[in-house]
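Observations on chain architecture
Take a look at the letters that make up each chain.
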Amino acid sequence: MPEWPRVGPAVPVGVLSAVAGLLAAGLVGASLPVPWLLTVVVAVLVALWPAPALVVGLVLVLAALQALQPLAPVQPRFFALLAGVHLLVVLTALVRTLPRGARVQLAALGWPLGRYGLVQVGAQLLAVAVLVPASGQDGGLGGVVVPFAGVVGAVVLLVAALALIGPLLRRPPR
């Protein structure tokens, strides 16, 4: 009798959809003064229909609301919003590529979540490098630090891009 390969723990794709919906509800609830019913509607829509247009529209609304706020001292809420919106995009992209009734091995989520973490490190460092001097903290060094932050941010993004495409470049052609 042949031995079947061992499979690690798995979750239904519906669990990832539900997590994406809850994350969307949390982002909307933390960013907008909206009734709880609208937050629930957003959660259900994202969980049942993770279409790119819906997710991009939600991201644009959250970004516009963040941009309309006056530039205040750096708030942790902005950095959480940056990480949450990116995670929402990653989760909904995963859900869209998988059949509804499928199960996903938890080990298979390692690569997308690893890329998410790598990109978030660069994005968060870039946001700190730009927002802290521009917010007037740190002794008002905005005129000196902001151009330097742009160079540092460009280097961070270059390193992140090389780390992401490096495995593709090392793979032999087919």
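Above: the structure in question.
Predicted model, so just to flag it, every value in this text is computed and none were measured.

Here is what the cut-offs are and how they apply
Residues numbered from 1 in each chain as written. Predicted model: local features only at pLDDT ≥ 70, side-chain atom pairs only at ≥ 80, totals over all residues. Heavy atoms only, no water. Helix = DSSP H or I, 4+ residues; strand = E, 2+ residues; numbered from the N terminus. Expected span 1.5 Å × (residues − 1). Buried < 20%, exposed > 50% of the residue type's maximum accessible area, 1.4 Å probe, protein only. Arc of directions from axis to C-beta. Contact = heavy atoms within 4.5 Å. Patch = residues over 30% accessible without salt bridge, like charges linked within 9 Å, V, L, I, M, F, W, Y side chains within 5 Å. Areas by Shrake-Rupley, 256 points an atom, 1.4 Å probe, with all protein chains shown as cover. Salt bridge = Lys/Arg side-chain N within 4 Å of Asp/Glu carboxyl O. Core = buried A, V, L, I, M, F, W, Y, C linked by side-chain atoms within 4.5 Å.

1. Structural notes on helix α3 (residues 52-68)
Over its 17 residues, α3 extends 24 Å from the first C-alpha to the last, a length consistent with the 24 Å expected when each residue adds 1.5 Å. Turning to α3, its buried residues number three or more, namely Val55, Leu58, Leu62 and Gln66. Taken around the axis of α3, the buried residues stretch over an arc of 70 degrees, which confines them to a single face. What points out from α3, more than 90 degrees from its buried face, is the exposed set Ala53, Leu60, Ala67 and Leu68. Of the surrounding secondary structure, the elements contacted by the buried residues of α3 are α1 (13-31), α2 (36-48) and α4 (76-97).

2. Regarding a nonpolar patch on the surface
A surface patch of nonpolar side chains, amounting to about 920 Å² of accessible area, comprises Trp36, Leu37, Leu38, Val40, Val41, Val44, Leu45, Leu48 and Trp49. Within the secondary structure, tryptophan 49 sits in the loop between α2 and α3.

3. Looking at the nonpolar core
Judged by nonpolar contacts, the single largest core of 24 residues is most densely connected at Val46, Leu58 and Leu88. Contributing elements (two or more residues each) for this core: α1, α2, α3 and α4. Sorting elements by how many residues they give to this core places α4 first, with 8 residues. Excluding residues that lie within four positions of it along the chain, valine 46 makes contacts with Ala20, Gly21, Ala24, Leu54, Leu58, Leu88 and Thr92.

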